[in-house]
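Survey of secondary and tertiary structure
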Amino acid sequence: MNDLPVLHVKGQVLVGPEDVRDELWVIDGRITYDRPVGAQDVRTVEGWTLPGLVDAHCHVGLGPHGPVPEDVAEKQALTDREAGTLLIRDAGSPSDTRWTDDREDLPKIIRAGRHIARTRRYIRGFAHEIEPEDLVAYVAQEAARGDGWVKLVGDWIDRDLGDLAPSWPREVAEAAIAEAHKQGARVTAHCFAESSLRDLVESGIDCIEHATGLTDDLIPLFAERAVAIVPTLVNIATFPKLADGGESKFPRWSAHMRRLHERRYDTVRNAYDAGIQVYVGTDAGGTLPHGLVAAEVEELTKAGIPTVEALAATTWRAREWLGRPGLEEGATADLVVYEGDPRADVRVLAAPRRVVLNGRVQG
């Protein structure tokens, strides 16, 4: 990166919610707060600066019917970058996206391998579809393929029951989660309903995606075990349409999905109030478009999470949770510059003024 011009970022640099500095410098792609001596080729960017945004539930390389070609995956990643998302936790993808690691113009990806689901109990083409006796082996496989995460499908519609139901017996889930932890990987699970949550949390799971089934009796357990949630509210907004589509065949499931949707904001707010860590994730890929991170942050504020906390859920706190740096001295310069103060109005996030990735101004 030693061919890069020096970048001078001025204005309000939000190193943390209360740690605001007047400027930073980017030299050879890395952040410093020490003014360089004798710099010749200097580019200046001015505004309100945040660490690159985090989408903690995103699917690069996934389309409505499963894996997509590399050119489509590239467009997905570029759309996220243009929205200011510079760090992605890919919560399950059937595509091998390791090639993106060699692209300095694409967001950094933390992978969870491929979804692991029960046979005929998830969206066709998305997941490894297996039976419980094979779960531990597949978790070990995906832990080796991922970047410190494994993704289970914790519940899905059971067609015989006509409603959402858990995918895995508790003892199997417990053994699988233990295997992932043995390999140094954390485990998360797709969960819409209430019935799968207690077993997964008591089995040692680290995170729950969507968490629409989180009820008042389960909230203390999540808080006690420090299990995070990624609500994906922009995805939960689609529940009424899904329910309408399944009404004639699965009326019980449809009614359940509508109830989960109706109480979604209360669910998230109650979790936050109890001290459960809440992070921003859009569930982009599959059927949802990429680039929705700003909309998801705004959804968290609609649920009653304070503006600064909703912002932290996609910046400082999210990066710390995923083990990636923010705007620290010496860190790779991944940052986004805005016209106004996003702590005052998160809608500012929808219009980045400049995106800097690996020390390069994009676009």
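These numbers were taken from a predicted model, which means no experiment stands behind them.

1. Remarks on a positive patch on the surface
- Together, Arg120, Arg124, Arg159 and Lys249 give the surface a local cluster of positive charge.
- Structurally, Arg120 is set in the loop between β10 (116-118) and β11 (128-130).
- Assessed through its relative accessible area of 65%, Arg120 is described here as exposed.

2. Some points on the packing of aromatic side chains
- Under the defined criterion, the tally for this structure stands at six aromatic pairs.
- Summarising the aromatic geometry, the rings of Tyr122 and Phe126 are spaced 6.1 Å apart at their centres and angled 80° between planes, so their arrangement reads as edge-to-face.
- With a centroid separation of 4.1 Å and an interplanar angle of 5°, the aromatic rings of Tyr279 and Trp321 are classed as stacked. Within this pair, whereas Tyr279 is found in the loop between α9 (264-273) and α10 (293-302), its partner Trp321 is found in helix α12 (residues 316-322), the two being separated by 42 residues in sequence. Taken as a pair, Tyr279 and Trp321 share a single burial class, namely buried.
- In textbook terms, an aromatic cluster arises when at least three aromatic residues are bridged by ring pairs, as seen for Tyr122, Phe126, Trp156, Phe192 and Phe239.
- Note that Arg21 overlies the ring of Tyr33, its terminal NZ or CZ placed 4.4 Å from the centroid.
- Between Arg264 and the ring centre of Tyr265, over which it is positioned, the NZ or CZ distance is 4.3 Å.

3. A word on unusual backbone geometry
- A positive phi is found at His210, a non-glycine position, where the angle reads about 80°.
- Along the chain, the position of His210 falls in strand β16 (residues 207-210).
- Residue class for His210 comes out buried when judged on its relative accessible area of 3%.
- With a phi close to 55°, Ala211 is a non-glycine residue in the positive phi region.

4. Considering the sheet that holds strand β8 (residues 85-90)
- Strand order across the open sheet formed by three strands is β5-β8-β9, with parallel pairing between neighbours. Strand pairing shows two members of the sheet lacking a second neighbour, β5 (53-58) and β9 (108-111), which therefore form its edges. Sheet twist, expressed as the average angle between the axes of neighbouring strands with direction ignored, equals 20°.

5. Some thoughts on the environment of Gly213
- Here Gly213 is to be found in the loop between β16 and α5 (219-225).
- In sequence terms Gly213 and Phe192 are 21 residues apart; their C-alpha atoms lie 5.7 Å from each other.

6. Here's the deal with the pairing of strand β2 (residues 20-27)
- The pairing of strand β1 (residues 6-14) with β2 spans six bridges and is antiparallel. Pairing of Lys10 across the sheet is with Glu23, part of β2.
- The antiparallel hairpin formed by β1 and β2 contains five residues in its connecting segment.
- Sheet analysis places β2 next to strand β3 (residues 30-32), joined by three bridges and oriented antiparallel.

7. Considering the environment of Ser93
- Within the fold, Ser93 resides in the loop between β8 and β9.
- Residue classification places Ser93 among the buried residues on the basis of a relative accessible area of 4%.
- Sequence separation between Ser93 and Arg114 is 21 residues, and the spatial gap between their C-alpha atoms is 4.8 Å.
- Every residue in contact with Ser93, bar those within four places of it in the chain, is listed here: Val60, Gly61, Leu62, Gly113, Arg114 and His115.

8. Thoughts on the sheet that holds strand β20 (residues 360-362)
- Strand order in this open sheet of seven strands is β3-β2-β1-β4-β18-β19-β20, and the pairing throughout is mixed. The sheet is open, and its two edges are formed by β3 and β20, each paired on a single side. Direction aside, neighbouring strands of the sheet carry axes that sit 40° apart on average.
- The pairing of β1 with strand β4 (residues 42-51) spans eight bridges and is parallel. Bridge pairing links Val9 to Val45 in β4.

9. Observations regarding helix α3 (residues 170-182)
- Over its 13 residues, α3 runs 18 Å from end to end, which matches the ideal 18 Å to within 8%, given 1.5 Å per residue.
- Those residues of α3 lying buried are Val172, Ala173, Ala176, Ile177, Glu179 and Ala180. Down the axis of α3, the buried set is contained in an arc of 155°. They therefore lie on one face. Set apart from the buried face of α3 by more than 90 degrees, the exposed residues are Glu171 and Lys182.
- Where α3 is buried, its residues contact α2 (135-145), β12 (149-153), β15 (186-191) and α4 (197-202).

About the cut-offs
Residues numbered from 1 in each chain as written. Predicted model: local features only at pLDDT ≥ 70, side-chain atom pairs only at ≥ 80, totals over all residues. Heavy atoms only, no water. Patch = residues over 30% accessible without salt bridge, like charges linked within 9 Å, V, L, I, M, F, W, Y side chains within 5 Å. Areas by Shrake-Rupley, 256 points an atom, 1.4 Å probe, with all protein chains shown as cover. Salt bridge = Lys/Arg side-chain N within 4 Å of Asp/Glu carboxyl O. Lys, Arg positive; Asp, Glu negative; His and termini not counted. Charge placed at Lys NZ, Arg CZ, Asp CG, Glu CD. Helix = DSSP H or I, 4+ residues; strand = E, 2+ residues; numbered from the N terminus. Buried < 20%, exposed > 50% of the residue type's maximum accessible area, 1.4 Å probe, protein only. Phe/Tyr/Trp six-rings, centres within 6.5 Å; stacked < 30°, edge-to-face > 60°. Lys NZ or Arg CZ within 6 Å of the ring centre and 35° of its normal. Pairing = 2+ DSSP bridges. Axes fitted to C-alpha atoms, helices over the stretch in contact; angles between N-to-C directions. Contact = heavy atoms within 4.5 Å. Expected span 1.5 Å × (residues − 1). Arc of directions from axis to C-beta.

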